[in-house]
Amino acid sequence: MGIGKGDLAMGLMDGKKGLVFGIANDHSIAWAITERLHQEGAVMGFTHLPDRDPASPKMERRVRKLVDPIGAKFVKPCNVQVDEDLDRIFEAAKETFGELDFVVHSIAYAPIDDLKGPVHKCSRAGFLQSMEISVYSLLGVCTRAQALMPNGGSIITLSYLGGEKVIPGYNVMGLCKSALESATEYVAHELGRQQVRVNALSAGPIRTLSSSAVKDFDSMLKIYDAMAPLRRNVTMEEVAKSALYLLSDLSTGVTGETLHVDSGYHIMGAPPADAKLDE
Ligand code: 0WD
């Protein structure tokens, strides 16, 4: 019997075991990344936001519907604001996988009233909660992940240009992304000797549950078509492919990086001559 091409094809993530935080539904960036990693042979455990009403586990159901068919090793509730939840996830990872090769951190939150801005009127509680969920959670994940990565590994987080430049409407989340990118660098430095890499992927705007809460999101999408060097916005698949690069052995020399997957938008300081911004 002959061997088909598919039998010989090696996946970039064959034999790699990882955790994915941040799938809310099939529009989530974390889901697009998961699909790509699965195609390349990765095996994964997943978290979902805890359900308020255990009798009606909507969050769990939404995530399970996606990940069970691709062979999820486990699916567990996790609120990153709760240390015990994080402990439980990494205990499950240790029991299931022994060691970890990668983690996807794709989590952000800001209370809607604070997200609306203005930034200088952000409430103290809203600021703390936004920073806790969107930034501190990366630290909580990294410190637990490195204990399961004695032979190195790769951790990615998702960021946005609003952490580097003022993007009107992005408001307190911009402050969070600044801190997240700084955290990426500090933790990359700390975990580097153990060959654990930590990188941020700064994605162009993508319509998801979270982004629908950002004011003027639709006009942001149009501006990418006019302004970006590629004259278009990025697709979810392009973000997922770059995540695959950062999580696989293709990027073993890369850490502490913020990789922009935004059609080049971040390099522009003024609109290109052909931009029709008022259409
Ligand atoms: O345009 C976009 N969509 C971009 C998103 C452009 C660039 C970056 N990003 C970032 C986001 O800021 C975030 O860090 O990508 C990451 C993922 O965002 P997403 O895929 O756009 O959004 P979504 O599908 O809503 O996933 C984020 C998830 C939460 O979803 P909901 O909508 O239910 O809040 O983060 C999770 C949750 O699953 N999450 C939490 N997980 C554990 N504990 C918590 C929490 N306390 N809060 C939110």
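A few points on the structure.

Attention now moves to the overall build of the protein. Along the protein, the regular secondary structure elements total nine helices and seven strands. Taken over C-alpha atoms, the radius of gyration comes to 19 Å for the protein, in line with the 19 Å a tight globule of 279 residues would show. In terms of principal-axis extent, the alpha carbons of the protein reach across some 60 × 50 × 40 Å. Classification of the 279 residues of the protein by burial places 49% in the buried group. For the protein, the proportion of contacts with a sequence separation of at least 24, taken over those separated by at least 6, is 76%. About 14,200 Å² of surface is accessible on the protein, with carbon and sulfur atoms providing 53% of the total.

In spatial order, the strands read S3-S2-S1-S4-S5-S6-S7; together these seven strands make up an open sheet with parallel pairing. The sheet is open, and its two borders are formed by strand S3 (74-77) and strand S7 (258-261), each paired with just one other strand. When strand polarity is set aside, the average angle formed by the axes of neighbouring strands in this sheet is 20 degrees. Where strand S2 (residues 43-48) meets S3, four bridges bridge the pair, whose relative direction is parallel.

What follows covers the packing of helix H6 (residues 124-147) against helix H7 (residues 172-191). Two elements in contact, H6 and H7, have axes separated by 9 Å at closest approach and are oriented at 20 degrees. Classified by the interaxial angle, the pair formed by H6 and H7 is roughly parallel. The way H6 lies across H7 gives a crossing that is right-handed. Contacts between H6 and H7 involve Phe127, Ser130, Met131, Ser134, Val135, Leu138, Leu139, Cys142 and Gln146 on the former and, on the latter, Val172, Met173, Leu175, Cys176, Ala179, Leu180, Ala183, Thr184, Val187 and Leu191. Per-class residue counts for the contact of H6 with H7 are 15 nonpolar, four polar and no charged.

A few words on unusual backbone geometry. Trans peptide bonds make up most of the peptide bonds, and negative phi angles are found at most residues other than glycine. Here the bond from Gly117 into Pro118 is cis, since omega is -5 degrees, no more than 30 degrees from zero. Here Pro118 is to be found in the loop between helix H5 (112-115) and H6. Positive phi, close to 45 degrees, is recorded for Asn171, a residue that is not glycine. Take Asn171: it is sitting in the loop between strand S5 (153-159) and H7. The residue Arg231 is not glycine, and still its phi comes out positive at about 55 degrees.

On the surface, Val119, Phe127, Leu128 and Leu175 cluster together into a nonpolar patch covering about 310 Å² of accessible area. Summarising the element assignment, Val119 is placed in the loop between H5 and H6. A residue is classified by how much of its surface remains accessible, and Val119, at 34% relative accessible area, is partly exposed.

Here we come to the environment of Val254. Counting through the fold element by element, Val254 comes out in the loop between helix H9 (236-247) and S7. As for Val254 and Gly264, which are separated by 10 residues in sequence, their C-alpha atoms are 19 Å apart. Residue contacts for Val254: discarding those within four places in its chain leaves Arg197, Asn199, Tyr245 and Leu246.

Once that is clear, we can look at the site of the ligand. As a matter of local geometry, the ligand sits amid 27 residues, with Ser28, Asn79, Ile206, Thr208 and Ser210 nearest to it. The backbone of Ile29 places a nitrogen or oxygen atom 2.9 Å from an oxygen atom of the ligand. Measuring from an oxygen atom of the ligand, one finds a side-chain N or O atom of Lys177 at 2.9 Å. Protein burial of the ligand: of its 860 Å² of free accessible surface, 92% is covered by the chains. For the shell around the ligand, the class distribution of residues is 17 nonpolar, nine polar and one charged.

Bringing the pairing of strand S6 (residues 196-203) into the picture now. For S6, a buried count of eight out of eight residues is recorded, marking the element as mostly surrounded by other parts of the structure. Side chains Val196, Val198, Ala200 and Ser202 project from S6 onto one buried face, and the interleaved Arg197, Asn199, Leu201 and Ala203 project onto a second face that is buried too. Where S5 meets S6, seven bridges bridge the pair, whose relative direction is parallel. Residue pairing for S6: Thr157 is matched across the bridge by Ala200. Sheet topology note: the S6/S7 ladder contains four bridges and is parallel. Bridged to Ala200 within S7 is Thr258.

Procedures and definitions
- Residues numbered from 1 in each chain as written.
- Predicted model: local features only at pLDDT ≥ 70, side-chain atom pairs only at ≥ 80, totals over all residues.
- Heavy atoms only, no water.
- Helix = DSSP H or I, 4+ residues; strand = E, 2+ residues; numbered from the N terminus.
- Rg over C-alpha atoms; globule rule 2.2 N^0.38 Å.
- Buried < 20%, exposed > 50% of the residue type's maximum accessible area, 1.4 Å probe, protein only.
- Contact = heavy atoms within 4.5 Å.
- Areas by Shrake-Rupley, 256 points an atom, 1.4 Å probe, with all protein chains shown as cover.
- Pairing = 2+ DSSP bridges.
- Axes fitted to C-alpha atoms, helices over the stretch in contact; angles between N-to-C directions.
- Parallel < 35°, antiparallel > 145°, perpendicular 65-115°, else oblique.
- Left-handed = near helix turned anticlockwise from the far one by under 90°.
- Nonpolar A, V, L, I, M, F, W, Y, C, P; charged D, E, K, R; others polar.
- Patch = residues over 30% accessible without salt bridge, like charges linked within 9 Å, V, L, I, M, F, W, Y side chains within 5 Å.
- Salt bridge = Lys/Arg side-chain N within 4 Å of Asp/Glu carboxyl O.
- Near = heavy atom within 4 Å.
- Polar contact = N/O pair within 3.5 Å; in protein donor to acceptor, adjacent residues only side chain to side chain.

Don't take any of this as a statement about function, it's just geometry.
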